[in-house]
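Each chain, letter by letter, is given below.
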Amino acid sequence: MNNQLRFDGRVAVITGAGGGLGRAYALLLAARGVAVVVNDLGGSRHGEGAATSAADRVVEEIEAAGGEAVASYDSVEDGGRIIQTALDHFGRIDIVINNAGILRDTSFHKMTADDWERIYRVHLYGGFQVTHAAWPHLRDQGYGRIVMTSSAAGLYGNFGQANYGAAKLGLLGLANSLAVEGQKRNVLVNTIAPLAGSRLTETILPPDMVAALKPEYVAPLVAYLCHESNSDTGQVFEVGAGWAARLRWQRGRGAFLPLAEALTPEAVADQWTTIQNFDDPTYPETPLDSFAPVVENLQGGRGAGGQGRMGAGETENAGESNLPRSPAPLPPRAASGDISDAIGHEFEPKTLTYGEKDLSLYALSVGAAVDPLDASELPFVYELNSSFRALPTFGVAFPFSLLWQITDVPGLKFNPALLLHGEQYLSLPRPLPTAATVTNTARIANIYDKGSGALVLLDVHTADESGQEIAYNQVSLFIRGLGGFGGERGPSATWALPDRAPDAVHHDRTNANQALLYRLSSGDRNPLHADPAFAAVGGFDRPILHGLCTFGFAGRAVLRHFAGNDPARFRSIRARFTRHVFPGETLVTTMWAVGTDGAFAADGADGQRVLFQCKAAERDEIVLSGGVVELT
Ligand SMILES: CCCCCCC[C@@H](O)CC(=O)SCCNC(=O)CCNC(=O)[C@H](O)C(C)(C)COP(=O)(O)OP(=O)(O)OC[C@H]1O[C@@H](n2cnc3c(N)ncnc32)[C@H](O)[C@@H]1OP(=O)(O)O
């Protein structure tokens with residue numbers, strides 16, 4: 001047959017290959033050109049004794065059929081010796097099938113520590129030893145195929161097999177991690193849960209069933225997994241009697257419990273039906289997938305009880321006690337679906353309370369009062385100052401009570417690590433109060449197809465308790481890789497700067513931990529700014545600074561140089577994030593004042609405007625452009 005899968009030149013170690021499944025694998029692979037190490041201790045089903053005959057018989061069968069094989073009689077607990085046999089006889093190792101196993105079935109209340117230990121040592125420890133010995137060779141040569149043998153007893157549980165089930169599921173855990181570690185080097189690791197008539201099943205299945213469940217029915221799937229044409233890794237297959245199926249995790253949508261209140265067992269009881277519901281399942285595949293809803297809730301998401309995390313007093317304590325020490329990264333999501341459906345989507349409104357401490361922390365996190373002897377910025381950070389006031393750009397923090405809902409908008413599926421802040425506009429009808437309870441409402445105003453990404457425009461309105469608007473934000477999010485969906489391109493931004501020397505230039509050195517501070521003060525807990533692994537998924541070699549942190553530094557510079565630090569003069573601010581900033585870099589904000597009589601006043605603006613841009617000095621990169629502050 002022309003398209004027969006061949007393995008010529010490959011070398012396999014198959015443990016427990018003296019009979020049953022292992023023998024079937026050995027015979028099939030040898031017939032396809034594999035040189036096989038037939039490993040079998042030759043002990044009893046319960047792991048007692050040893051005999052060379054089982055392995056020898058299989059080697060004879062292979063040789064009689066014209067194949068190549070060598071016997072190994074070592075225990076899998078001496079995995080290094082088994083792999084050495086392959087290296088000594090065939091000079092390499094390509095395939096490892098961990099198949100050896102014994103049984104010590106007994107109900108748990110009768111199970112001895114010895115019953116437990118014996119099973120653990122042969123299955124899990126043995127699997128570790130053999131694989132560990134082969135691993136460096138597979139990695140170095142950039143090729144390897146490993147199969148672990150799990151069992152339905154481990155996947156689902158079985159009476160009298162607590163020891164066996166635990167070890168078998170342990171092998172799946174081992175395989176899952178090795179699949180992740182080996183993928184880059186083309187070392188693929190998969191797991192099977194076979195059902196076959198063998199010494200291990202003859203005690204629990206009727207004899208005619210055992211006879212029907214031939215090991216030969218399992219061997220082809222295992223051989224395929226070991227072939228170089230297989231590119232799947234980290235998967236589990238149930239296989240037996242000519243039937244094979246992939247198995248995966250399924251998870252319900254779950255319930256979001258209110259973090260803003262004390263979590264109680266009663267709250268769990270109330271949500272029990274939802275916690276157990278599988279109506280609209282998801283299929284997590286990685287730890288990132290697993291963490292996603294947790295992060296959503298911590299970000300002030302659906303279970304935050306309508307209360308953001310910025311509030312002083314009660315919110316602060318309840319929120320903090322639930323935070324993990326290191327924030328969990330978000331899941332990768334596939335870009336798919338009809339993105340345009342998301343236009344007009346309304347977010348669930350969120351209420352938050354803020355106070356003096358929040359304002360002070362925010363101001364500190366955008367570089368206010370770095371020189372404590374310079375009293376000019378003390379009113380932003382010191383609540384006992386007689387003119388304590390809010391830094392105007394604190395208003396950009398309001399949307400974060402609800403923005404994270406964007407990961408759950410129908411039609412808008414994306415990898416959150418690829419999301420970058422694109423542009424920001426904030427307008428304030430009057431100075432922000434120094435304490436308030438405010439409610440945010442938001443909708444997706446538009447989504448533009450920018451080719452290299454999708455630009456999602458969000459309108460966010462913030463009102464105080466009397467319903468009066470105190471801030472309006474337009475947030476644009478640039479989602480890389482999500483362009484090309486056939487949407488409108490949207491307006492093209494253009495701006496120019498006066499052809500003259502700037503009126504002011506302000507230098508701010510950010511701290512290496514600036515993003516770690518800013519995330520706490522602003523409510524933007526995006527792991528992109530804290531978690532190196534998450535930043536790496538986004539293509540950055542370390543966490544980057546929040547765009548809005550840079551924005552806050554620049555806004556402060558304008559306020560200081562052109563408005564005497566008086567928020568009452570600050571109407572609005574906008575800017576585009578043109579390049580990322582790394583914490584620790586120096587921000588240089590260059591500013592030009594243009595008024596109604598200035599070179600840039602032709603549009604009829606009735607107040608003074610300040611145009612600005614901001615540079616990361618060390619890399620000489622413009623990081624904010626198109627900056628405009630409107631002052632009264
Ligand atoms: C999830 C919950 C919500 C949480 C929200 C909070 C998120 C925050 O935590 C995240 C952050 O703070 S990220 C840090 C701040 N942002 C950045 O660092 C982005 C810097 N910008 C870039 O890298 C590129 O501009 C880049 C990559 C954005 C675009 O570069 P390119 O792909 O090279 O695009 P380019 O060829 O230059 O332009 C294509 C079209 O897109 C427009 N465009 C470019 N940059 C834009 C930007 N920043 N904002 C808006 N539009 C932008 C261009 O104008 C062009 O369109 P057109 O031809 O129509 O003019």
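The preceding data block contains the structure.
Below, the structure is looked at part by part.

Thresholds applied
Residues numbered from 1 in each chain as written. Predicted model: local features only at pLDDT ≥ 70, side-chain atom pairs only at ≥ 80, totals over all residues. Heavy atoms only, no water. Patch = residues over 30% accessible without salt bridge, like charges linked within 9 Å, V, L, I, M, F, W, Y side chains within 5 Å. Areas by Shrake-Rupley, 256 points an atom, 1.4 Å probe, with all protein chains shown as cover. Salt bridge = Lys/Arg side-chain N within 4 Å of Asp/Glu carboxyl O. Helix = DSSP H or I, 4+ residues; strand = E, 2+ residues; numbered from the N terminus. Axes fitted to C-alpha atoms, helices over the stretch in contact; angles between N-to-C directions. Parallel < 35°, antiparallel > 145°, perpendicular 65-115°, else oblique. Left-handed = near helix turned anticlockwise from the far one by under 90°. Contact = heavy atoms within 4.5 Å. Nonpolar A, V, L, I, M, F, W, Y, C, P; charged D, E, K, R; others polar. Buried < 20%, exposed > 50% of the residue type's maximum accessible area, 1.4 Å probe, protein only. Pairing = 2+ DSSP bridges. Core = buried A, V, L, I, M, F, W, Y, C linked by side-chain atoms within 4.5 Å.

Our focus in this paragraph is a nonpolar patch on the surface. Where nonpolar side chains cluster on the molecular surface, the patch consists of Val268, Trp272 and Ile275 and spans about 250 Å² of accessible area. Relative to the helices and strands, Trp272 resides in helix α10 (residues 272-275).

Where helix α4 (residues 113-141) contacts helix α6 (residues 162-182), the two axes come as close as 8 Å, and the packing angle between them is 15°. The angle between α4 and α6 places the two elements in the roughly parallel class. When you trace α4 past α6, the crossing you get is right-handed. Taken together, the residues of α6 that come into contact with α4 (itself represented by Asp115, Trp116, Ile119, Tyr120, His123, Leu124, Gly127, Phe128, Thr131 and Trp135) are Ala162, Asn163, Tyr164, Ala166, Ala167, Lys168, Gly170, Leu171, Leu174, Leu178, Glu181 and Gly182. Residues belonging to the contact of α4 with α6 are distributed by class as follows: 13 nonpolar, six polar and three charged.

This part is about the packing of helix α13 (residues 356-365) against helix α15 (residues 514-522). Put simply, α13 and α15 touch, their axes get as near as 9 Å, and they point 155° apart. Judged by the angle between their axes, α13 and α15 are roughly antiparallel. Where α13 crosses over α15, the two elements pack in a sense that is left-handed. Contact residues: Leu361, Tyr362, Leu364 and Ser365 in α13; Gln514, Leu517, Tyr518 and Ser521 in α15. Residues belonging to the contact of α13 with α15 are distributed by class as follows: five nonpolar, three polar and no charged.

For the coordinates displayed, the defined rule picks out 23 salt bridges. In this structure, the salt-bridge partner of Asp114 is Arg104, at a minimum N-O distance of 3.2 Å. Taken as a pair, Asp114 in helix α4 and Arg104 in the loop between β4 (95-98) and α4 lie far apart in primary sequence, ten residues in all. Note that Asp115 and Arg104 form a salt bridge whose closest N and O atoms lie 3.1 Å from each other. Of this pair, Asp115 sits in helix α4 while Arg104 sits in the loop between β4 and α4, and the two are eleven residues apart along the sequence. The exposure classification of Asp115 matches that of Arg104, with both residues buried. When salt bridges that share partners are traced, they join Asp374, Glu377, Asp508, Arg556 and Arg560 into one network.

Our focus in this paragraph is the sheet that holds strand β11 (residues 436-449). With respect to topology, ten strands assemble into an open sheet ordered β9-β11-β12-β13-β10-β15-β18-β17-β16-β14, the strand pairing being antiparallel. On the outer flanks of this sheet lie β9 (350-354) and β14 (504-509), each paired with one strand and no other. Put simply, the sheet's adjacent strands are angled 25° from each other on average, direction ignored. As paired strands, β9 and β11 are joined by five bridges and run antiparallel to one another. Following the sheet pairing, Thr351 is matched in β11 by Thr439.

What follows is about the nonpolar core. In terms of nonpolar packing, the biggest core is built from 75 residues, with Leu412 and Leu458 touching the most fellow members. It is helix α17 (residues 547-562) that provides the largest number of residues to this core, a total of nine residues. Here Leu458 is in contact with Phe347, Leu403, Ile406, Arg443, Ile444, Ala445, Asn473, Gln474, Val475 and Leu477, once residues within four sequence places are set aside. If you look at the next biggest cluster of nonpolar residues, it comprises 33 residues, including Ala17, Ala24, Ala30 and Val38.

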